[in-house]
Amino acid sequence: MDRLKDINIFSFQVFVLVYESLNSLSVAQTLNVPASKISRCLNSLRHALDDPLFYRKQYGFEPSEMATRIYPEMKKILELAGQACTVDMDDNNRLKQELTIACPTGLCVRLSRSLQEHAQKHDQHFTFIVKPINHHVDNEIQHGNVDVAISFESSNSEGVKSEFVTKGTGLYLAGGHDHPIWQRSPQPQLAEIIDYPFIVADCPAFNDRIDPLEVYANDIDRSLEVEVKVSGLTELTDQLDNSSSLTFVGQKYAAEFLSRMSDLKVRRLPQDQFDLLHQRMGVPSYFLLSPPRGRNLPEWLLPAISEFVVNTVVLPEAGEEE
């Protein structure tokens, strides 16, 4: 070990990541450092251990026998160092951490409360930061700025793991309490909805380019007047208040949030209209994006988020209470 006395912990991290990915460029992107810094770290380790560690091949690296032998020890050292740097015990000797969750705006409602309840069941304390997802979430996960994301699409980026959760099966129409749409028919119909201005609740990777209702209107040779596109529930509420516009929300708790506003009314879109709306674009799919090695996430976190998503976007089975 004397040969490693001048090697810093960052070089150990570089070695472990290169061993696991066999790609120095992806490691540089993950750590947000120049590729030259990765090369210098590897060269320092090679000199200290008197071993090439990795052989360059056409499509990446191949580890040497020594690299394979020392990888478990390097990994263990890195994990112990990470624990020493991140542990902060409160008076009750419980782990305190901040976890950042990025998700579509409609899923922000109740998410942190639900996760706090799960943490309490495991006698743990976390500060959950829930924020709207954006188009750069892969990069945020790779750089450690986001711990978990709920996305409408999977990811092919290195350093990001994708897991399919479910498909949305329900949709809710929202508008002013005195909007004429509520008097036209007992159940909202798409052909009637497009008679009025529409507010698009912008969801990256789903309807940010064109909304399913725009596609439906075009298919029947009608035009949809998109009044505005919004990205938050507060802005959506402001736009709906005292206007003739309508909007869709696809998450149960977001619909409940809007329905609690005295000036707004919310009704679920009938199943036949839901199927008609999504016959060309397809229903929204939900994926969990996270670091491949979990980055010290609690074991219960991903299953808890998946459960929350299913409870929020999947309609109850027939006979169950909605």
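Conventions used here
Residues numbered from 1 in each chain as written. Predicted model: local features only at pLDDT ≥ 70, side-chain atom pairs only at ≥ 80, totals over all residues. Heavy atoms only, no water. Pairing = 2+ DSSP bridges. Helix = DSSP H or I, 4+ residues; strand = E, 2+ residues; numbered from the N terminus. Axes fitted to C-alpha atoms, helices over the stretch in contact; angles between N-to-C directions. Contact = heavy atoms within 4.5 Å. 1 Å grid on protein atoms, 1.4 Å probe; cavity = no way out; pocket = protein on both sides within 12 Å on 5 of 7 lines; lining within 4 Å. Points joined across faces, edges and corners; volume = space filled by probe spheres on them. Nonpolar A, V, L, I, M, F, W, Y, C, P; charged D, E, K, R; others polar. Buried < 20%, exposed > 50% of the residue type's maximum accessible area, 1.4 Å probe, protein only. Polar contact = N/O pair within 3.5 Å; in protein donor to acceptor, adjacent residues only side chain to side chain. Salt bridge = Lys/Arg side-chain N within 4 Å of Asp/Glu carboxyl O. pLDDT = per-residue confidence, 0-100. Expected span 1.5 Å × (residues − 1). Core = buried A, V, L, I, M, F, W, Y, C linked by side-chain atoms within 4.5 Å.

Enquirer: Describe the sheet that holds strand E10 (residues 246–249), listing the residues and the values that go with them.
Expert: Taking strand neighbours across the sheet as the criterion, the five strands line up as E9-E8-E10-E7-E11 in an open arrangement whose pairing is mixed. Where the open sheet ends on each side, the last strands, each with one partner, are strand E9 (226–230) and strand E11 (264–268). Mean inter-strand twist for the sheet, computed between neighbouring axes without regard to direction, equals 25°. Alignment of strand E8 (residues 198–201) against E9, held across four bridges, turns out to be parallel. Looking across to E9, one finds that Val 200 is bridged to Lys 229. Packed on one face of the sheet, helix H10 (residues 233–240) meets strand E7 (172–176), E8, E9, E10 and E11 and runs near 155° to E9.

Enquirer: How would you explain empty space enclosed by the protein if you had to name every residue and give the values?
Expert: In total, this model carries two cavities of 30 Å³ or more according to the counting rule given. Forming the boundary of the largest cavity are 32 residues, of which Ala 201, Cys 203, Phe 248, Val 249 and Gly 250 lie nearest the centre. Counting only elements with at least two residues in the lining of the largest cavity, the list comes to E8, H10, E10 and helix H12 (271–277). Taken together, the residues that form the lining of the largest cavity break down as 19 nonpolar, 11 polar and two charged. Size it by volume and the second largest cavity reaches roughly 30 Å³.

Enquirer: Tell me about the pairing of strand E12 (residues 285–290), and please be specific about residues and values.
Expert: Of all six residues making up E12, six are buried, and the element is well covered by its neighbours. Burial of E12 is two-sided: the residues Ser 285, Phe 287 and Leu 289 facing one way and the residues Tyr 286, Leu 288 and Ser 290 facing the other way are all buried. Relative to E12, strand E5 (residues 148–151) runs antiparallel, the two sharing three bridges. For Ser 151, the partnering residue across the bridge sits in E12 and is Phe 287. One ladder, built from six bridges, connects strand E6 (residues 161–167) with E12; its direction is antiparallel. Looking at E12, one finds that Phe 164 is bridged to Phe 287.

Enquirer: Explain the side chain of Asp 138 residue by residue, including any values.
Expert: If you trace the backbone, Asp 138 turns up in helix H6 (residues 137–142). Here Ser 155 takes part through its side chain, which lies 2.7 Å from a polar atom of the side chain of Asp 138. Among the polar contacts listed, one links the side chain of Asp 138 to the side chain of Ser 157, at a separation of 2.7 Å. Filtering out sequence-adjacent residues up to four positions away, Asp 138 remains in contact with Ser 155, Ser 157, Val 160 and Leu 289.

Enquirer: Outline the pattern of salt bridges, listing residues and values.
Expert: Pairs can form between side chains of opposite charge whenever their charged atoms are close. Counted under the stated rule, the structure contains six salt bridges. Among the ionic pairs, Glu 20 bridges to Lys 75, the shortest N-O distance being 2.9 Å. Of the two residues, Glu 20 sits in helix H1 (residues 9–21) while Lys 75 sits in helix H4 (residues 65–86), which places them 55 residues apart along the sequence. A salt bridge links Asp 219 to Arg 280; the nearest nitrogen and oxygen atoms lie 2.9 Å apart. Note that Asp 219 is positioned in helix H9 (residues 212–219) and Arg 280 in the loop between H12 and E12, a separation of 61 residues in sequence. Members of the salt-bridge network, linked through shared partners, are Arg 184, Asp 195 and Arg 222.

Enquirer: Now, about the confidence of the model for the protein chain: what can you tell me, with residues and values included?
Expert: Considering every residue of the protein chain, the mean pLDDT works out to 85; 90% of them sit at 70 or more. Long-range and interchain partners of residues 87–96, a stretch whose pLDDT sits below 50, account for 11 contacts in this model, where long-range means more than four residues apart.

Enquirer: Can you lay out the side chain of Ser 245 for me, pointing to particular residues and giving the numbers?
Expert: Mapping Ser 245 onto the fold places it in the loop between H10 and E10. Among the residues examined, Ser 245 registers a relative accessible area of 0% and is labelled buried. Engagement of the side chain of Ser 245 in a polar contact is seen with the side chain of Glu 227, the distance being 2.5 Å. Residues contacting Ser 245, with those up to four places away along its chain left out, are Ala 174, Gly 175, His 179, Pro 197, Ile 199, Glu 227 and Leu 240.

Enquirer: Talk me through H1; I want residue IDs and the actual numbers.
Expert: With 13 residues, H1 extends 18 Å between its outermost C-alpha atoms, agreeing within 8% with the 18 Å of an ideal straight helix rising 1.5 Å per residue. Burial in H1 covers these residues: Phe 10, Ser 11, Phe 12, Val 14, Phe 15, Val 16, Leu 17, Val 18 and Tyr 19.

Enquirer: Can you tell me about unusual backbone geometry, naming the residues and giving the values?
Expert: Located in the positive-phi region is Leu 53, a residue other than glycine, with phi close to 65°. Residue class for Leu 53 comes out buried when judged on its relative accessible area of 0%. Phi at Arg 110 is positive, roughly 75°, even though this residue is not glycine. You can see Arg 110 is positioned in the loop between strand E3 (96–103) and helix H5 (111–121). You can call Arg 110 partly exposed: its relative accessible area is 31%.

Enquirer: Residues and numbers for the nonpolar core, please.
Expert: One finds Ile 150, Leu 301 and Ile 305 to be the most contacted residues of the largest nonpolar core, which totals 40 residues. The element contributing the most residues to this core is helix H13 (residues 301–313), with seven residues. Those residues in contact with Ile 305, other than ones at most four positions away along the chain, are Ile 101, Leu 115, Val 148, Ile 150 and Leu 288. Counting 27 residues, the second largest nonpolar core, distinct from the first, contains Phe 12, Phe 15, Val 33 and Tyr 71.

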